[in-house]
Amino acid sequence: MTTTRTLGRSGIEVSAIGMGCWAIGGPLWGDGGQPFGWGEVDDDESIRTIHRALDLGVTLFDTASNYGAGHSERILGRALAGRRSEAVIATKFGNVSDEDTRRWLGTDASGTFAVRSLEDSLRRLGTDHVDLYQLHINELPVSAALDLVDTLEGLVDQGKIRAYGWSTDNAASAEAFAAAGAHCAAIQHDESVLSDNAAVLAVCDRHDLASLNRGPLAMGLLTGSTRAVGADDVRGRAPEWLRWYTDGRPTPEWAARVEQVRAALTADGRTLAQGALGWLLARSPRTVPIPGLRTVAQANENLATLNLSPLPPDAYQKVEKFLADLRATP
């Protein structure tokens, strides 16, 4: 049974699995009608899902200022009213969006924007502090990220944030940021049984950081669902970085990969999603998967993993054998 982990060198204890709150933000639109959200949502069900997650032992909730142009933060704030002390809130900054039109307007990596974005996030969340504040521009040049360190350290000194991190898949970027920031506590990166990032995990080991795993279920592919998604769902018109889906359906080559490892992930009676999350918990003592949850039923299934052991060593090795060619790819 794996119920808690530590948020890197911050010492903040969190549940071993968190709740990703991107999907509860609802629609967000980019240039040319590109969807950046997960379609329409039922806010009441979202709140019930957050409450169910709390009741099942989840303490970490990960959101961002641009998820639904702030809607995710507002819903999370409503759900945590009266229960703020039970939650560790992680949010992100760097993307600019319009709350009224729900449009993504670009990025801003300035310290001035980081401070203003935090004030807006605190207002929407209904709290006086954020536990983890994360830079949300994956490919930002390292020099620009390092320019933010003094601003972020100042926010720590003011008590408005407890720690900070960067959502990036680039190991060199993570290394530089961690070395420069005394209160850098986590790197959030793409990590799943289908997409291992050993280089970023090594940075987390060297600098005593948490590895927050976004995409732990490969955007739903590792739940086994084959249903088509709508045109207002980011998977319906997948951007270049989203390789799991094509035209709203699982990409055949990746669906085949899932079938390769299904038996190993479910051998001890787990569901496919529970096996995928169990693989992440077995991957490293630093990993904290943050699957997106939209319904109480999803919370019940995915968070039951907290009551299971990490994926057993024999099943873990079978997965690695089946995916050996993926692991060898630079």
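See above for the structure.
Reading the values: the criteria
Residues numbered from 1 in each chain as written. Predicted model: local features only at pLDDT ≥ 70, side-chain atom pairs only at ≥ 80, totals over all residues. Heavy atoms only, no water. Axes fitted to C-alpha atoms, helices over the stretch in contact; angles between N-to-C directions. Helix = DSSP H or I, 4+ residues; strand = E, 2+ residues; numbered from the N terminus. Parallel < 35°, antiparallel > 145°, perpendicular 65-115°, else oblique. Left-handed = near helix turned anticlockwise from the far one by under 90°. Contact = heavy atoms within 4.5 Å. Nonpolar A, V, L, I, M, F, W, Y, C, P; charged D, E, K, R; others polar. Polar contact = N/O pair within 3.5 Å; in protein donor to acceptor, adjacent residues only side chain to side chain. Pairing = 2+ DSSP bridges. Core = buried A, V, L, I, M, F, W, Y, C linked by side-chain atoms within 4.5 Å. Buried < 20%, exposed > 50% of the residue type's maximum accessible area, 1.4 Å probe, protein only. Salt bridge = Lys/Arg side-chain N within 4 Å of Asp/Glu carboxyl O. Right-handed = clockwise from strand over helix to strand, strands pointing away.

Remarks on the packing of helix α8 (residues 252–266) against helix α11 (residues 313–322)
Contact geometry of α8 with α11 gives a least axis separation of 9 Å together with a crossing angle of 165°. It follows from the interaxial angle that α8 and α11 lie roughly antiparallel. Two packed elements cross with a definite hand, and for α8 against α11 that hand is right-handed. Facing α8, whose interface residues are Arg257, Gln260, Val261, Ala264 and Leu265, α11 presents Ala315, Lys318, Val319 and Phe322. Here the contact of α8 with α11 is composed, by residue class, of six nonpolar, one polar and two charged.

Focus: the side chain of Ser167
Counting through the fold element by element, Ser167 comes out in strand β9 (residues 161–167). Within the structure, the side chain of Ser167 is placed 3.2 Å from the side chain of Arg214, a separation counted as a polar contact. If we ignore the near neighbours within four places in the chain, the residues touching Ser167 are Leu135, His136, Ile137, Asn138, Gln188 and Arg214.

Thoughts on the sheet that holds strand β8 (residues 130–135)
Ordered in space as β3-β4-β5-β8-β9-β10-β11-β14, the eight strands form an open sheet in which the pairing is parallel. In this open sheet, the two edge strands, each paired with only one partner strand, are β3 (19–20) and β14 (287–289). As paired strands, strand β10 (residues 184–190) and strand β11 (residues 210–214) are joined by five bridges and run parallel to one another. Counterpart to Ala186 in the pairing with β11 is Ala210. Along the sheet face, helix α5 (residues 149–157) touches β5 (88–93), β8 and β9 and points at about 150° away from the line of β9. Each of β10, β11 and β14 touches helix α7 (residues 198–207); the most contacted strand, β10, lies at about 170° to it.

Let's talk about the nonpolar core
If you look at the biggest cluster of nonpolar residues, it comprises 81 residues, and the most contacted ones within it are Phe61 and Leu194. Broken down by element, this core gets its largest block of residues, seven residues, from helix α9 (residues 272–283). Apart from the residues within four sequence positions on either side, Leu194 is in contact with Ala218, Leu221, Leu222, Trp244, Trp254, Arg257, Val258, Leu323, Leu326 and Arg327.

Remarks on the packing of helix α1 (residues 43–55) against helix α2 (residues 71–80)
The N-to-C vectors of α1 and α2 enclose an angle of 55°; their axes lie 9 Å apart at closest approach. Comparing their axes, α2 and α1 come out oblique. By crossing handedness, the relation of α1 to α2 is classed as right-handed. Side by side, α1 and α2 meet where Asp43, Asp44, Ser46, Ile47, Ile50, His51 and Leu54 of the first sit next to His71, Ile75, Leu76, Arg78, Ala79 and Leu80 of the second. The class makeup of the residues in the contact of α1 with α2 is seven nonpolar, three polar and three charged.

A look at the pattern of salt bridges
Counted under the stated rule, the structure contains 23 salt bridges. Residue Arg286 pairs with Asp208 through a salt bridge whose shortest N-O separation is 3.0 Å. Taken together, the residues Arg286 in the loop between α9 and β14 and Asp208 in the loop between α7 and β11 connect sequence positions 78 residues apart. Using a relative accessible area of 34% as the deciding quantity, one classes Asp208 as partly exposed.

Some words on the pairing of β11
The buried fraction of β11 amounts to four of the five residues, a majority that puts the element mostly inside the structure. Read from β10 through α7 to β11, the crossover connection turns out right-handed. For β11 and β14, the ladder comprises three bridges, and the chain directions are parallel. Opposite Ser211, over in β14, you have Thr287 as the bridge partner.

Quick word on the pairing of β8
Counting buried positions along β8 yields six of six residues, so the element is predominantly enclosed. Sheet topology note: the β5/β8 ladder contains four bridges and is parallel. Paired with Ala90 across the bridge in β8 is Leu132. In this structure, β8 lies alongside β9, joined through five bridges in parallel fashion. Bridge pairing links Leu135 to Trp166 in β9.

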